[in-house]
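The chain contents come next:
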Amino acid sequence: SGLSTDSITEGNTTVEVVDTGSDGHITFDTEGDERERIDSSGNVGIGTGSPTGLLTVAAAAPVIDWTFANNPAFKHSIEGTGYASAAASNSLAIKV
């Protein structure tokens, strides 16, 4: 049939690998709902099963938080729509 799946489940948490022969993906489910997917193109979807870019984040109330490992004092959050960027050695730009 060309379809092959493997999964690891513990309680309501599952990681599943699906190989369709040409369009495989990996899903991460918690509490019975899919939370993250990596598709055959390498696109990552968080909160969506259909990522449209390298990283697609979908949420009812979008919030993005980040901290740089080499500078834990550098923290920032984005809520709703907006644009944030960080310069110097901690370079990051996010538009939501």
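Look above for the structure.
Residues numbered from 1 in each chain as written. Predicted model: local features only at pLDDT ≥ 70, side-chain atom pairs only at ≥ 80, totals over all residues. Heavy atoms only, no water.

Student: Hey, could you run me through the overall build of the chain in this one?
Tutor: The helix and strand inventory of the chain stands at 0 helices and 10 strands. Traced from its N-terminal end to its C-terminal end, the chain shows the element sequence β-β-β-β-β-β-β-β-β-β. Residues counted as buried form 19% of the 96 residues belonging to the chain. The contacts of the chain with a sequence gap of at least 6 include a subset with a gap of at least 24, amounting to 4%. Here the chain displays about 6,700 Å² of accessible surface, and carbon together with sulfur accounts for 51% of that area. (Helix = DSSP H or I, 4+ residues; strand = E, 2+ residues; numbered from the N terminus. Buried < 20%, exposed > 50% of the residue type's maximum accessible area, 1.4 Å probe, protein only. Contact = heavy atoms within 4.5 Å. Areas by Shrake-Rupley, 256 points an atom, 1.4 Å probe, with all protein chains shown as cover.)

Student: What is the right way to read a nonpolar patch on the surface from this model?
Tutor: A contiguous nonpolar surface patch, about 400 Å² in accessible area, is contributed by Ile46, Leu54, Leu55 and Val57. With relative accessibility at 55%, the residue Leu55 sits in the exposed group. (Patch = residues over 30% accessible without salt bridge, like charges linked within 9 Å, V, L, I, M, F, W, Y side chains within 5 Å. Salt bridge = Lys/Arg side-chain N within 4 Å of Asp/Glu carboxyl O.)

Student: Any chance you could explain the side chain of His25 here in plain terms?
Tutor: As for its position among the elements, His25 is in strand β3 (residues 25-30). Of the residues examined, His25 reaches a relative accessible area of 19% and is grouped as buried. Residues contacting His25, with those up to four places away along its chain left out, are Glu16, Val17, Val18, Arg37, Ile38 and Asp39.

Student: Whenever I open this one, the pattern of salt bridges confuses me. Can you help?
Tutor: Side chains that differ in charge, positive against negative, can pair when their charged atoms come close. Applying the stated criterion across every chain yields a total of 2 salt bridges. Arg35 is the salt-bridge partner of Asp33, the closest N and O atoms lying 3.9 Å from each other. Owing to a relative accessible area of 42%, Asp33 belongs among the partly exposed residues under this scheme. With relative accessibility at 39%, the residue Arg35 sits in the partly exposed group. A salt bridge links Glu34 to Arg37, with the shortest nitrogen-to-oxygen separation between them at 2.9 Å. Using a relative accessible area of 17% as the deciding quantity, one classes Arg37 as buried.

Student: What is the right way to look at unusual backbone geometry in this model?
Tutor: What you tend to see is this: most non-glycine residues have negative phi, and most peptide bonds are trans. Of note in this structure, Glu31 is not a glycine but carries a positive phi near 50°. As for its position among the elements, Glu31 is in the loop between β3 and β4 (33-38).

Student: Whenever I open this one, the pairing of strand β2 (residues 13-19) confuses me. Can you help?
Tutor: On any regular strand, side chains alternate: one points to one face of the sheet, the next to the other face. Sheet topology places strand β1 (residues 4-10) next to β2; 7 bridges connect them, and they run antiparallel. Pairing of Glu10 across the sheet is with Thr13, part of β2. Counting the residues that bridge the hairpin from β1 to β2 gives 2 residues, and of these Gly11 lies at a positive phi of roughly 65°. Here β2 pairs with β3 via 5 bridges, running antiparallel. Note on β3: the bridge partner recorded for Val15 is Phe28. Linking two consecutive strands that pair antiparallel, namely β2 and β3, is a turn of 5 residues; a positive phi of about 100° is found at Gly21 within it. (Pairing = 2+ DSSP bridges.)

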